[in-house]
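# Observations on chain architecture
Each chain is listed here by its residues.
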Amino acid sequence: TTTHMRARALARARTPDLESSAYQNMIAGLCLAVVVILIFTNNWWLTALCALALYSIISLVFCEMVFFGWEVDILVAIDISIASGMSVDYVLHLAHAYNGETGDHADKVRKALKDMGVSVASGMLTTFFACIALFLCDMLWFRLFGCFIAMVIITAFAVSMFGT
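About the criteria used
- Residues numbered from 1 in each chain as written.
- Predicted model: local features only at pLDDT ≥ 70, side-chain atom pairs only at ≥ 80, totals over all residues.
- Heavy atoms only, no water.
- Salt bridge = Lys/Arg side-chain N within 4 Å of Asp/Glu carboxyl O.
- Helix = DSSP H or I, 4+ residues; strand = E, 2+ residues; numbered from the N terminus.
- Buried < 20%, exposed > 50% of the residue type's maximum accessible area, 1.4 Å probe, protein only.
- Polar contact = N/O pair within 3.5 Å; in protein donor to acceptor, adjacent residues only side chain to side chain.
- Contact = heavy atoms within 4.5 Å.
- Core = buried A, V, L, I, M, F, W, Y, C linked by side-chain atoms within 4.5 Å.
- Expected span 1.5 Å × (residues − 1).
- pLDDT = per-residue confidence, 0-100.

As enumerated under the stated definition, the model contains one salt bridge in all. Between Arg110 and Asp107 there is a salt bridge whose closest N-O contact spans 2.9 Å. Residue Arg110 and its partner Asp107 are located together in helix α5 (residues 105-135), separated by three residues, close to a single helical turn. What makes Asp107 partly exposed here is its relative accessible area of 29%.

With that settled, consider the side chain of Ser160. Its location among the elements puts Ser160 in helix α6 (residues 140-162). A polar contact is formed between the side chain of Ser160 and the backbone oxygen of Ala156, at a distance of 2.7 Å. Within the structure, the side chain of Ser160 is placed 3.3 Å from the backbone oxygen of Phe157, a separation counted as a polar contact. If we skip the residues at most four places from it in the chain, Ser160 touches Tyr90, Val91 and Leu94.

Looking now at the nonpolar core. Counting residues in hydrophobic clusters, the biggest one holds 46 residues, and the most contacted among them are Leu54, Ile57, Met65, Trp70, Ile80, Tyr90 and Phe148. At the level of secondary structure, the elements contributing two or more residues to this core comprise α2 (18-41), α3 (44-67), α4 (74-99), α5 and α6. Element by element, the count of residues in this core is highest for α6, at 13 residues. Residue contacts for Phe148: discarding those within four places in its chain leaves Val61, Met65, Trp70, Asp79, Ile82, Ala83 and Met86.

This brings us to α3. Spanning 24 residues, α3 covers 34 Å between terminal C-alpha atoms, matching the ideal 34 Å at 1.5 Å per step. Listing the buried residues of α3 in full gives Leu46, Thr47, Cys50, Ala53, Leu54, Ser56, Ile57, Ile58, Val61, Phe62 and Met65. Where α3 begins, the side chain of Asn43 points an oxygen toward the backbone nitrogen of Trp45, at a separation of 3.1 Å. Count one or two residues on from α3 and you reach Gly69, which has phi positive near 80°.

Moving on, we come to the confidence of the model for the protein. In low-pLDDT segments, the atomic positions of the prediction should not be examined closely. Of the residues in the protein, 88% have a pLDDT of 70 or more, and the chain-wide mean is 85. Mean pLDDT per element in the protein: helix α1 (residues 2-11) is the minimum at 58, and α5 is the maximum at 92.

Structure, rendered in structure tokens:
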């Protein structure tokens, strides 16, 4: 329809600073996430591992976006800006659970996954099922946002549960 074509043309509109602004917002979000993880865990080594996990999640999501042929437009710029905030959830939950456990490394991992793994998996599944409604929308932005959320949560789940 004509309205759909106009919406697509508006979505593809580029501004000179759109891409750099999106990446700056994402980097600021990642830095803030690392500070929050450090505050909650009070553990530099664990924070560094979480920062690596977050970097891996964002990098993999960007690879998926390139694979699917997404270009940076206003819709994708919004997605990029919030990517770091969405990707920190599972990493922070598992890091906090790990940090609160006692024992050697293997025991702490096992206990953290036992205590928090089911909650993280349930959160990922419920969020993914909520995305299905967005996949079915007629409006382009909602469909793309649903795809983006699914990419982030599945990647964040895989990296946080199985490692970087």
